[in-house]
Amino acid sequence: MKRKSERLEKRGINRREALAQLAGLTFSFTLSAGAVGTAAAQQAGLLQTAWVTIRPDGTISIMSPAAEMGQGSRTSLALIIAEELDADWSRVQVEMSPLDDKVYGNPRYGIMYTAGSASVPTYYKPLRMHAAQARRVLIDNVAEKWGVQATELTTEPGFVVHRASGRRMSYGEVATFARVPAVLPVVAEADLKSPANFRYLGKDVLRVDVPTKVDGSARYSIDMHAPGMLYGAVLRAPVEGSTPASVDKEAAAKTAGVIDVVTLPYGVGILARNPEAAFAAKSKLKVAWTAVSASNFDSSAMLDRYAERAKDLTVEGKVWDKAGDVAAMSEAKIVVEAVYRTDFAYHAQMEPLNALASVTAAGDAAEIWCGTQAPTVAQRAVARALNVSADKITLHPMLLGGGFGRRGHYDAEYVVDAALLSRAAKAPVKVIWTREDDIRNGRFRPMTGHYLKAGLATDGQVVAWRHRVASEEALAFQDAPRFKARNERAIFSMLGTEQPSYRLPNRLIDHVRQTDGMRLSSMRGTGNPPNAFVTESFIDELALAYKTDPLEFRRRLLVGVPRAGALLDVLAAMSNWSSKRPAGRGLGLCFRNEDGTLIGMVAEASVERRTGEVRVHNVWAAIDAGLALQPDNIAAQIEGAIVYTLGAVLSERVSMKNGAVEQSNFYDYQVPRLSDVPEIEVRVLSTSNPPSGIGEMGGNVSGAVANAIAAATGARVRHMPLTAERVLAALRG
Amino acid sequence: MVGFRLNGQSVSVEGADSDRLLWVIREHFKITGTKFGCGAGLCGACMVHIDGKRAFSCQISLSEVAGKSVTTIEGLSPNRNHPVQKAWLAERVPQCGYCQSGQIMSAAALLAETPRPTRAQIVEHMSANICRCGTYPRIVRAVERAAREG
């Protein structure tokens, strides 16, 4: 670290910037007002940093750059600052941070982007360091004022305290006279609070957005209104890449309440006085679309081809993970091979895509309200669409009625819809996608074909592991520049095929990229839920071939990972793993290390043998995400991701015919309802490891459910979702 | 012109008889706690009470509420103090929150008719509402709590 700061100083970067970079985030630390020492100025004084504003009345605003879509990181990030600052949480207001990637960008992604269960793990340390520096400034100012050593001072929530004399000064009062030194006080990691002294972290603090979500006052972009606002709807091409060849607008334009019909580069927009008129007119449009290569795409035929391509090892794949030499397969006592498939899946966030845009009459600037996981990305997308610079776009990030990866794409197409229609109308326009639009123009988790082969030695160890995936890569579609910057690695397809905790000394895991022009997206957990289904099913196939209990089999693969052993002990106890279940029920297990978070789950399921219908009765989950900052919120996220993924495991599938989506609403794309949900018990283990991600991790339940079905029936289904028809076919097969 | 009561106030709207109550509430009156989710009576995000019974407001036309009393989440209580809202807070049910107005309106309608519902009754009744964040386990706990604590 020392060497780095010297290097930075040599390059002419001042000490302050160097410090900031060492903390992992660039920040500015300024006294915004009251710098001149007049009484009036002091009254108005604020102690302000890029992240924290302390006001004379003692209230503190904390900036949080996380998009809030129910996962809780808007609150958690602010809470991390409040903890280290020793703020009084009851006086804290959490504010959405300004749009500035340099100051507020996620350290992993370099931009403001709430995704990948990556907010708390990546911001945790830099925010603590920043808050500790701010706290030190408070202490130093009081020390100077009282003529005491800074080391004699300590803090309690909202106060600087001098124990020896019993004096206390509120942070608000400090703010009225505080001066911020040009060179910030240096804070070392060792100066940070010990977790044993945490007041808020590790306890359960109510998320700041929750109260507004029980009385209807929470604001999503779909709730926004602007004076003179019109309503927009957009008919998009059913097949990706297709454009309007000819448009018959007549019937649509005659619809009551319709103001205009606007042909867009990628579709046809309606401007109307109310949403219903816009929707009705859209359904009356007659558009001939250009034919493109994707117009021939048939998902079920193509998935068979993907599976064939995964099996064909004569083609070179792009290596994702490799160790040792898989030629060791020849030494194996037992060799198992299998082909797996997974279907397209749809996010189904409850708030259909929408945005409100108000473009100036000259078309040279705009104000936008939208729910997005990547506000600066959306801002730049709108700027490109309007051909203006990004600083001309004021974007208000709203609460998201679900995100799940759907709302962080490079082109922010649903936001651009509103911008283009507002420019055409010369009025504010709120564009609302119907649920049918949201599905037919959905961007899906890609379907995948898998080939796996593994060899076991006589002692049950896996001597070689070969896994190949054939799929389109979602990142290439959703964010082509980022895909390119990541060396065109198939990140979203492959995440979760690597298995860092399992002992697989000779392994080769690679990807064969397909390019069929489908609309694709990351979706809660990216590759993890489908890959957990595939790899954890296959691990059970190996355990079966070796005639070992699946838990015992995994323990052998996890020798040398004590954290994993401890987790499995907890899981075995909570699920009564070794106790017998009623006839017809089966227990299935999965263990995963996803991005440093360890999670194990057991599902108990039964199958109606006549119909193939699956009933999941119970799920037990144990999670070790390091230091558990908000235990109840972690449990809520695990419960939620389990429910979310149960749909993808058992029923949810998107199919395509002639390149177009065949499903249209919740009657033919069925997501879990309360009646489908098992009893779920979550145990959150808090360990001394740094906090790791939690939002996606329950999605690994796919492996446990598939294994429970196999245990209940003796039949292995190798195609997700495990629909009743597929289970029935396996039973008969 | 159609007249009805909305959260206790007499209102009247100039609109087509076929206009859906959901959009009248949200876009004409700008009372936005009631949500658009599917437009087909499948998800329950738009649930309101009409004369005390729950109804999918995306499926109800304006003419159907003439002279009736419509209650949205905003009219359920003056200060988040309906037993269902209190239970929702205590169990920390909401995640993204988008479906929760509809969930709460469904639950309140259930308890108004069946103050002590069985688990099976709760599951059956609340299965009309989709929550994509998967807050269902907490929804069950919150309905049971509201029944218990009133």
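Worth saying up front: this structure is predicted, and the values here are computed from it rather than measured.

On to the overall build of chain A, then. Counting its secondary structure elements, chain A contains 22 helices and 29 strands. Relative to the compact-globule value of 27 Å for 733 residues, chain A shows a C-alpha radius of gyration of 28 Å, a close match. For chain A, the proportion of its 733 residues judged to be buried stands at 56%. Of the contacts made within chain A by residues no fewer than 6 positions apart, 75% connect residues no fewer than 24 positions apart.

Attention now moves to the overall build of chain B. The secondary structure content of chain B amounts to six helices and five strands. Going from N to C terminus, chain B has its helices and strands arranged as β-β-α-β-β-β-α-α-α-α-α. In terms of overall size, chain B behaves like a compact globule, its C-alpha atoms giving a radius of gyration of 15 Å where 150 residues would be expected to give roughly 15 Å. In terms of its C-alpha atoms, chain B occupies a principal-axis envelope of roughly 45 × 25 × 25 Å. Counting only contacts in chain B whose residues sit at least 6 apart along the sequence, the fraction spanning at least 24 positions is 62%.

Turning next to the interface of chain B and chain A. Listed by partner, the interface residues are 43 residues for chain B and 47 residues for chain A. Elements with a minimum of two residues in the side of chain B that touches chain A: α1 (21–28), α2 (73–76), α3 (83–90), α4 (100–113), α5 (119–126) and α6 (136–149) of chain B. Classifying every residue of the side of chain B that touches chain A by side-chain character gives 22 nonpolar, 13 polar and eight charged.

The next subject is the sheet that holds strand β3 (residues 47–50) of chain B. Residues and elements named next belong to chain B. Spatially, five strands are ordered β2-β1-β5-β3-β4 in an open sheet, and the strand pairing comes out mixed. The strands lining the two open edges of the sheet, one partner per strand, are β2 (9–13) and β4 (53–56). Neighbouring strand axes in the sheet, compared pairwise and without regard to direction, differ in orientation by 40° on average. Strand direction decides the pairing type here: β3 and strand β5 (residues 69–71), joined by two bridges, are antiparallel. Counterpart to H49 in the pairing with β5 is T71. Packing of α4 onto the sheet brings it into contact with β3 and β4, and relative to β3 it is tilted by some 35°.

In this model α6(B) runs 20 Å from its N-terminal to its C-terminal C-alpha over 14 residues, within 8% of the 20 Å that 1.5 Å per residue would give. When α6(B) is considered as a whole, its buried residues turn out to be B:Y136, B:P137, B:R138, B:I139, B:V140, B:A142, B:V143, B:A146 and B:A147. Tucked into the core, α6(B) has its buried residues touching α20 (631–650) and β28 (679–685) of chain A together with α3, α4 and α5 of chain B. After α6(B) finishes, the residue B:G150 shows a positive phi value of roughly 60°.

All names here are of chain A. At a minimum axis separation of 10 Å, helix α18 (residues 550–557) and helix α19 (residues 562–575) run at an interaxial angle of 170°. In terms of axis orientation, α18 runs roughly antiparallel to α19. Where α18 crosses over α19, the two elements pack in a sense that is left-handed. From α18, L551, R554 and R555 reach across to α19, where they touch G565, L568 and A572. Here the residues of the contact of α18 with α19 sort into three nonpolar, one polar and two charged.

Turning next to the sheet that holds strand β22 (residues 507–513) of chain A. Residues and elements named next belong to chain A. Within the open sheet, the six strands sit side by side as β14-β22-β21-β20-β15-β29. Their pairing is mixed. Pairing within the sheet leaves two strands with one partner each, and these edge strands are β14 (318–323) and β29 (719–720). Two strands pair when backbone bridges link them, and strand β15 (residues 334–342) and β29 are joined in this way by two bridges, in the parallel orientation. Within β29, the position partnered with R341 by the bridge is H719.

Along its sequence, chain A is carved into domain 1 (2–200), domain 2 (221–292 + 353–432) and domain 3 (299–345 + 444–732). Taken together, the eleven residues of domain 1 of chain A in the interface contact 15 residues of domain 2 of chain A.

A word on unusual backbone geometry. Cis geometry marks the peptide bond from A:M720 to A:P721, where omega comes out at 5°. Positionally, A:P721 belongs in the loop between β29 and α22 (724–732). Of note, A:K426 is a non-glycine position whose phi angle comes to about 55°, a positive value. Within the secondary structure, A:K426 sits in the loop between α12 (413–425) and β19 (429–432). By the C-beta count within 10 Å, which is 14 here, A:K426 ends up partly exposed. Unusually for a residue other than glycine, B:R92 sits at a positive phi of about 50°. In this fold, B:R92 is placed in the loop between α3 and α4.

Residue and element names in this part refer to chain B. Domain assignment breaks chain B into domain 1 (2–76) and domain 2 (83–149). Spacing between the C-alpha centres of domain 1 and domain 2 amounts to 21 Å. If you look at the interface, domain 1 gives 16 residues, while domain 2 gives 14 residues. Of all the secondary-structure elements, those providing two or more residues to the side of domain 1 that touches domain 2 are β3, β4 and α2. By residue class, the composition of the side of domain 1 that touches domain 2 is seven nonpolar, six polar and three charged.

Another point: the environment of A:K311. Residues and elements named next belong to chain A. Mapped onto the elements, K311 comes out in helix α10 (residues 299–311). Separated by 159 residues in the primary sequence, K311 and A470 have C-alpha atoms spaced 8.9 Å apart. Residues contacting K311, with those up to four places away along its chain left out, are V339 and Y451.

With nine bridges joining them, β15(A) and strand β20 (residues 448–456) of chain A adopt antiparallel strand pairing. Across the sheet, the residue bridging to A:Y340 is A:H450, located in β20(A).

Okay, the environment of A:S493 next. Residues and elements named next belong to chain A. Mapped onto the secondary structure, S493 falls in helix α16 (residues 491–494). Separated by 21 residues in sequence, S493 and E472 have C-alpha atoms that sit 7.8 Å apart. Among all residues touching S493, those that are not within four sequence positions of it are P446, T448, V469, S471, E473, A474, H511 and G527.

So, about the confidence of the model for chain B. Of all residues in chain B, 100% have pLDDT values of 70 or greater, and the mean over the chain is 97. Both scores are available for the predicted complex, with the pTM at 0.94 and the ipTM at 0.98.

In a pair of packed helices, the angle between the axes and the distance between the axes together describe the arrangement. All names here are of chain B. One way to put it is that α3 packs onto α4 with a least axis distance of 9 Å and a crossing angle of 125°. Between α3 and α4, the angle is such that the two are oblique. As for how α3 packs across α4, the hand of that crossing is right-handed. Every residue of α4 that contacts α3 at V84, Q85 and W88 is listed here: I104, A107, A108 and L111.

With that settled, the discussion passes to the pairing of β19(A). All names here are of chain A. Every second residue of β19 is oriented toward a common face, with V429 and V431 on one face and K430 and I432 on the other, all of them buried. Relative to β19, strand β9 (residues 230–236) runs parallel, the two sharing three bridges. Within β19, the residue paired with L230 across the bridge is V429. Note that strand β16 (residues 354–359) and β19 share four bridges and pair antiparallel. Its bridge partner lying in β19, L356 is registered against K430.

Below, the discussion takes up the environment of B:C99. All names here are of chain B. Summarising the element assignment, C99 is placed in the loop between α3 and α4. Residue C99 is classed as buried on the basis of its 30 C-beta neighbours within 10 Å. Between the C-alpha atoms of C99 and R145, which are 46 residues apart in sequence, the distance is 20 Å.

Cut-off values and rules
- Residues numbered from 1 in each chain as written.
- Chains lettered and ligands numbered in written order.
- Predicted model: local features only at pLDDT ≥ 70, side-chain atom pairs only at ≥ 80, totals over all residues.
- Helix = DSSP H or I, 4+ residues; strand = E, 2+ residues; numbered from the N terminus.
- Rg over C-alpha atoms; globule rule 2.2 N^0.38 Å.
- Buried ≥ 20, exposed ≤ 12 C-beta atoms within 10 Å, placed from the backbone.
- Contact = placed C-beta atoms within 7 Å.
- Nonpolar A, V, L, I, M, F, W, Y, C, P; charged D, E, K, R; others polar.
- Pairing = 2+ DSSP bridges.
- Axes fitted to C-alpha atoms, helices over the stretch in contact; angles between N-to-C directions.
- Expected span 1.5 Å × (residues − 1).
- Parallel < 35°, antiparallel > 145°, perpendicular 65-115°, else oblique.
- Left-handed = near helix turned anticlockwise from the far one by under 90°.
- Domains from an automatic or database assignment.
- pLDDT = per-residue confidence, 0-100.

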